[in-house]
Amino acid sequence: PIVLVSRDLMLCSKLAGVAQAMGQNLDVAGTIEAAFENAALSGSRLFIVDLELPDLNIDLLFNKSRNILQEDIHVIAYAPHVRTEKLAAARDAGCDLVVTRGQIMTDAESILRKHFETTAQLTFA
């Protein structure tokens, strides 16, 4: 399962369709706290995070994942292309992939496929 942390209804709908076409479940959460609740119930370790969420602290996301889930998570973060400071902060925090909102809207399937292929290779390596 995938946990999408966003309040962007258009993107939620888009990613739900992509996930379903790939045979994956998408849980949507409007806050980091709700995302961790969903992840704890579903066993998800892939978070897609909207960097435009109010009060989002991307560093805290990684720290909480280790404390609450007892393991690391994979994070794909996105923001509008003009929010270069947020995109850079997400890279610096250690997100697995940082993309613009436009990229995730147009290339969601290839982004998710690449993620699942990469994690499968790491699992079986």
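Here's a quick rundown of the structure. Not measured: the values here are computed from a predicted model. (Residues numbered from 1 in each chain as written. Predicted model: local features only at pLDDT ≥ 70, side-chain atom pairs only at ≥ 80, totals over all residues. Heavy atoms only, no water.)

What to know about the overall build of the chain
Across its full length, the chain carries 5 helices and 5 strands. Counting all 125 residues of the chain, 41% fall into the buried class. Put simply, 62% of the contacts in the chain that link residues at least 6 apart link residues at least 24 apart. In the form shown here, the chain has an accessible surface area of approximately 6,800 Å², with 51% of it arising from carbon and sulfur atoms. (Helix = DSSP H or I, 4+ residues; strand = E, 2+ residues; numbered from the N terminus. Buried < 20%, exposed > 50% of the residue type's maximum accessible area, 1.4 Å probe, protein only. Contact = heavy atoms within 4.5 Å. Areas by Shrake-Rupley, 256 points an atom, 1.4 Å probe, with all protein chains shown as cover.)

Quick look at the sheet that holds strand β3 (residues 46–50)
The strand order across the open sheet built from 5 strands is β2-β1-β3-β4-β5, with neighbouring strands paired in parallel fashion. Looking at which strands have only one partner, the edges of the open sheet turn out to be β2 (26–29) and β5 (97–100). Neighbour-to-neighbour, the strand axes of this sheet turn through a mean angle of 20°, independent of strand direction. Sheet strands in contact with helix α1 (residues 9–21) are β1 (2–5), β2, β3 and β4 (74–79), and its direction is about 160° off that of β2. Along the sheet, helix α2 (residues 32–42) contacts β1, β2 and β3; its crossing angle with β2, the most-contacted strand, is approximately 150°. (Pairing = 2+ DSSP bridges. Axes fitted to C-alpha atoms, helices over the stretch in contact; angles between N-to-C directions.)

Points about the pattern of salt bridges
The final tally for this structure, using the stated rule, is 5 salt bridges. For R101, the salt bridge is made with D8, and the minimal N-O distance between the two is 2.8 Å. Remark: D8 occurs in the loop between β1 and α1 and R101 occurs in helix α5 (residues 101–124); sequence separation between them is 93 residues. Within this structure, E52, R83, E85 and K86 form a network of salt bridges that share partners. (Salt bridge = Lys/Arg side-chain N within 4 Å of Asp/Glu carboxyl O.)

Re helix α4 (residues 84–93)
When α4 is considered as a whole, its buried residues turn out to be L87, A90 and A93. Buried residues of α4 fall within an arc of 125° about the axis and therefore sit on the same side. Exposed residues on α4 whose side chains face more than 90 degrees from its buried face are T84 and D92. Of the residues one or two after α4, G94 is the one with positive phi, at around 110°. (Arc of directions from axis to C-beta.)

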